[in-house]
Amino acid sequence: MARDERIAELEEKARRIRAHVVRIAGMSDCHTGGSLSIADMLAGLYFHTLRVDPGLPGWEGRDYFILSKGHCVPALDAALAMRGFFPEDALTTHLQLDSIISGHACARVTPGIDVSTGSLGHGLSIGVGLALGVRMDGAANRVFVMIGDGELQEGSNWEAAMAGAHHKLEGLVAIVDRNMYQTGPTEEMMALEPLADKWRAFGWATRVIDGHDMAQIVETLDALPFEKGRPSAIVSRTEKGHGVSMSIHQHMNRFDEAQTATMLAELGQGGGEGGRN
Amino acid sequence: MGEILSRVHANNLVRWAADKPNAVVFSADLTGSTEVDLFRDAYPGRFFSFGVAEQNMLSFAGGMAREGFLPLVHTFGVFIYRRAYDQVAMSVAYPNLPVRMFGFLPGVTTPGGATHQAIEDVALMRSLPNMTVLDCGDATDVETVLDAIETIPGPVYVRMLRGEVPRLFAAAEPLRVGRSRLVHAPASGPADLAVFSSGICTEEAIRAVRAMADRGLAIHHRHVSTLKPFDDPAILAAAVEARCGVITMENHVVVGGLGSAVAETLAEAGVGKKLVRIGLADTFAHGASKAYLMKEYGLDAAALIRRAEGLLGRTLNIGEADLAAVRIEPVHSMAKAEAL
């Protein structure tokens, strides 16, 4: 397949992830903003990069993906369902009894999720431990950890960053969803800049990309690991709520029926059966 | 149901802090979620945003308290005692500094699941030397707790309620540290059962106790807002009088909270009453509505009836409809004759 076609296909996956997030917000409270900002990266990861087997979520050769910003699980659930880990119909059961999807990432109920998250600042440390264990086992699984930018205010992340570089964990990748917002503007609440310089100073091979440019996402993921003997960090510059006008800079939304339809139309994903993969 | 109030702490904090220039409010990116947005807007110079960084926030509070400020730390309970317990212990409790910690989302009051539900906070905070531990159960508790703890020289952890909160106790009867509230007493004579409830379980207990009293049971029910120190003589006295036994009811695991505190009190006094502890039975909870979780984990009015039936050895024939029919008005504990 030509590269341009490949990129276009991944962009369509990202739109469908966004449409699922909008539909979830049409049914229940949903952390829309931070879910929508990671949609492109998740499309790149799950439909281009990650070595996973939807029929065998526990396959021991799989790449690990940890969503440390666990409240943004609606986008991950959408990607997992579209990738075939479970039926997309399950996405209509958010916050309902016996649902296999959950308000925070839950490994206990959701096929394809390895690590339960929702308390911020755990994912990177878990990822460091996993990556070290993988190397000690002589295995080749890669470990991807997606972290929110606001989440980086938790000091535990920087302990993990030190440890990842100390152990030269080449198979470890930290992806920072740099959407500039938490419940308010991150740089006003507790500034993180210069962020890429911080990762470099901690010993990580670091690239800054436009997290909504699929060509850049693919090129960057294809270039992993960025340097021999170092963990890789991707500062993915994004917009909180990207692609859905009512979610721009919003932490949470609950859409009524009309709003849901309007937002789906914005994504070119209108209609009851639209967005099915 | 009696009166339902909205954003009680948000409004009360602004009123309370007006004449207290040394009071400073800390938030770790949960400003709206812990109802300190009004304080932030009213006194921006006394509001500090930490970002998502609780460890720094708690030790920072210890530092400011040393300079004579009164830090009022607001976040979800789990992020105080799970995330920053060492900082709470060594930067705040050990030097016995006047830091007030407001832990929101106690127990099953959030659909956020295990990561957000503070289910063992009372156990941890109660075991920490110098710490005072309170659990708010209604709007009157919430709007009077700041005054009640004002003179405590050391740290205080308060389980706090947000959003819509019912008023179960008369507004003119403030929370008093170390004193439980009389909710219901037998019309005459000794009680069959003593019921001690805390937090949001008290509303459920009121419902169940009214229904059981209608069936002729003599019940002494007290609402316990102070979990440490745990030295209210009325609790021991009520337990001693209860002929068939004692039931505790808390929005917390049964280990280390109200039930444990009552057990310790009874054992140390040599009182050999049967004790039933209602609470989360050594389990994490999942995410769902408060009402659903209270039913699923046996923290609701129906659960209290079942456990009372077990203690009494007989059936009371009280159905969901009977419980739903109970109308709750604010309780005036001073208007009732103490049963002791």
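Here, the structure is the one placed above.
This report concerns the structure included in the present document. Bear in mind that the values here come from a model prediction, so they are computed numbers and not experimental data.

With that out of the way, let us pick up the packing of aromatic side chains. Under the definition given, this model contains 10 aromatic pairs over all chains. Pairing Phe50 of chain B with Phe60 of chain B gives two aromatic rings, centres 4.7 Å apart and planes at 90°, and the pair type is edge-to-face. Placement of the pair is Phe50 of chain B in the loop between β3 (47-49) and α3 (54-66) and Phe60 of chain B in helix α3, with a sequence separation of 10 residues. In this structure Phe60 of chain B comes out as partly exposed when scored by relative accessible area, which is 36%. An aromatic cluster of three or more residues is present, and its members are Trp158, Trp199, Phe202 and Trp204 of chain A. The ring of Phe226 of chain A has Arg207 of chain A sitting right over it, with the charged end atom 4.4 Å from the ring centre. The ring of Tyr43 of chain B carries the charged tip of Arg46 of chain B above its face, separated from the ring centre by 4.4 Å.

What follows is about the interface of chain A and chain B. Counting residues at the interface gives 18 residues for chain A, matched by 15 residues for chain B. Together, the buried faces of chain A and chain B total about 1300 Å²; carbon and sulfur atoms form 47% of this surface. Contact with chain B buries surface across chain A, with His104, Glu154 and Met189 of chain A losing the most and accounting together for 34% of the total. A salt bridge links Arg83 of chain B to Glu154 of chain A, with the nearest nitrogen and oxygen atoms 3.5 Å apart. Our count for the contact surface shared by chain A and chain B stands at 9 residue pairs in polar contact (both at pLDDT 80 or more). Partitioned by chemical class, the residues of the side of chain A that touches chain B number 4 nonpolar, 12 polar and 2 charged.

Criteria and cut-off values
Residues numbered from 1 in each chain as written. Chains lettered and ligands numbered in written order. Predicted model: local features only at pLDDT ≥ 70, side-chain atom pairs only at ≥ 80, totals over all residues. Heavy atoms only, no water. Phe/Tyr/Trp six-rings, centres within 6.5 Å; stacked < 30°, edge-to-face > 60°. Helix = DSSP H or I, 4+ residues; strand = E, 2+ residues; numbered from the N terminus. Buried < 20%, exposed > 50% of the residue type's maximum accessible area, 1.4 Å probe, protein only. Lys NZ or Arg CZ within 6 Å of the ring centre and 35° of its normal. Contact = heavy atoms within 4.5 Å. Buried area = accessible area lost by both parts, 1.4 Å probe. Salt bridge = Lys/Arg side-chain N within 4 Å of Asp/Glu carboxyl O. Polar contact = N/O pair within 3.5 Å; in protein donor to acceptor, adjacent residues only side chain to side chain. Nonpolar A, V, L, I, M, F, W, Y, C, P; charged D, E, K, R; others polar.

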